[in-house]
Amino acid sequence: WEEYLGMLGKKARHEIRRKLRRAEAAGPVRFRELPLTSASADAFIALHQARWGAQGLFPDTADGERGRRFLHRLTELESMEGTDAQLVLGEVAVGDRVVFATVAFDDGATCYFYNAGMDPAAREFSPGRTRTAAYLRDRMAAGRNRFAPLRGAEPHQ
């Protein structure tokens, strides 16, 4: 993690550390993988919708219902893979408060970030930055050294 931070520019490194310190003042910032269950899929959907609403993947429409069924079915299928599952449902908590949920894929070497949701009332924790930091720290500690986005136009490394 420190090696990664050292590769960033001074301003970016400072911002990540500053936002992490601010969030950590409220409690530990940690990423946790969730079990591949229907309840975990629902938890992701709830935070995704809290952030994106009608613009998200799961609005109260036929397309949104199809998206919910897809995520539930994918979760069910991946859970049958056991330790070979590549789907990762996860959450980032600050203390006991879940502020961010994520869907990613992990093939054992590379983490492919797919989508996220966040608690809009948690803006004081800078959930986007703290999520990225907590997720990267956890996955680096698990031996991953390559990260790739699967959606969005944001620049990633």
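If you're wondering where the values come from, they're calculated on a predicted model, not measured in any experiment.

**Q** Any chance you could break down the packing of helix α3 (residues 38-52) against helix α4 (residues 62-79) for me, citing the residues and the numbers?
**A** Contact geometry for α3 and α4: axes closest at 9 Å, N-to-C directions at 140 degrees. You can see that α3 and α4 cross each other, and the crossing is right-handed. Counting all contacts with α3, which are made through S38, A41, D42, F44 and I45, the residues of α4 involved are R68, L71, H72 and T75. Looking at the contact of α3 with α4, its residues break down into four nonpolar, three polar and two charged.

**Q** So what about the sheet that holds strand β1 (residues 29-34)? Which residues, and what values?
**A** Sheet strands pair by backbone hydrogen bonding; their relative direction is either parallel or antiparallel. Read across the sheet, five strands follow the order β1-β2-β3-β4-β5 without closing on themselves; strand pairing throughout is mixed. Here the strands that pair on one side only, and so sit at the sheet edges, are β1 and β5 (146-149). The sheet shows a mean angle of 35 degrees between the axes of neighbouring strands, taken without regard to direction. Here strand β2 (residues 87-94) runs beside strand β3 (residues 97-106); their pairing, made up of eight bridges, is antiparallel. The residue bridging V88 from the neighbouring strand is A104, located in β3. Packing of α3 onto the sheet brings it into contact with β1, β2, β3 and β4 (110-118), and relative to β4 it is tilted by some 60 degrees.

**Q** Lay out the packing of helix α2 (residues 10-24) against helix α5 (residues 127-141) in plain terms, naming residues and giving numbers.
**A** Packing of α2 against α5 brings their axes to within 9 Å, and their N-to-C directions diverge by 95 degrees. When the axes of α2 and α5 are compared, the pair comes out roughly perpendicular. Residue-level inspection shows E15, I16, K19, L20, A23 and E24 of α2 in contact with α5, the latter providing R129, T130, A133 and R137. Of the residues contributing to the contact of α2 with α5, the split by class is four nonpolar, one polar and five charged.

**Q** Please provide a residue-by-residue account of the pattern of salt bridges, values included.
**A** Within this structure, the stated rule accounts for 15 salt bridges. Residue R32 is joined to E91 by a salt bridge in which the shortest nitrogen-to-oxygen separation is 2.9 Å. Taken together, the residues span a long stretch of sequence, with R32 in strand β1 and E91 in strand β2 at a distance of 59 residues. On the basis of relative accessibility, which here comes to 41%, the residue R32 falls in the partly exposed class. Put simply, D119 and R97 hold a salt bridge, and the shortest N to O gap is 3.4 Å. Here the residue D119 occupies a position in the loop between β4 and α5, and R97 occupies one in strand β3, the gap between them amounting to 22 residues. The buried category is assigned to D119, whose relative accessible area is 19%.

Parameters at a glance
Residues numbered from 1 in each chain as written. Predicted model: local features only at pLDDT ≥ 70, side-chain atom pairs only at ≥ 80, totals over all residues. Heavy atoms only, no water. Axes fitted to C-alpha atoms, helices over the stretch in contact; angles between N-to-C directions. Helix = DSSP H or I, 4+ residues; strand = E, 2+ residues; numbered from the N terminus. Left-handed = near helix turned anticlockwise from the far one by under 90°. Contact = heavy atoms within 4.5 Å. Nonpolar A, V, L, I, M, F, W, Y, C, P; charged D, E, K, R; others polar. Pairing = 2+ DSSP bridges. Parallel < 35°, antiparallel > 145°, perpendicular 65-115°, else oblique. Salt bridge = Lys/Arg side-chain N within 4 Å of Asp/Glu carboxyl O. Buried < 20%, exposed > 50% of the residue type's maximum accessible area, 1.4 Å probe, protein only.

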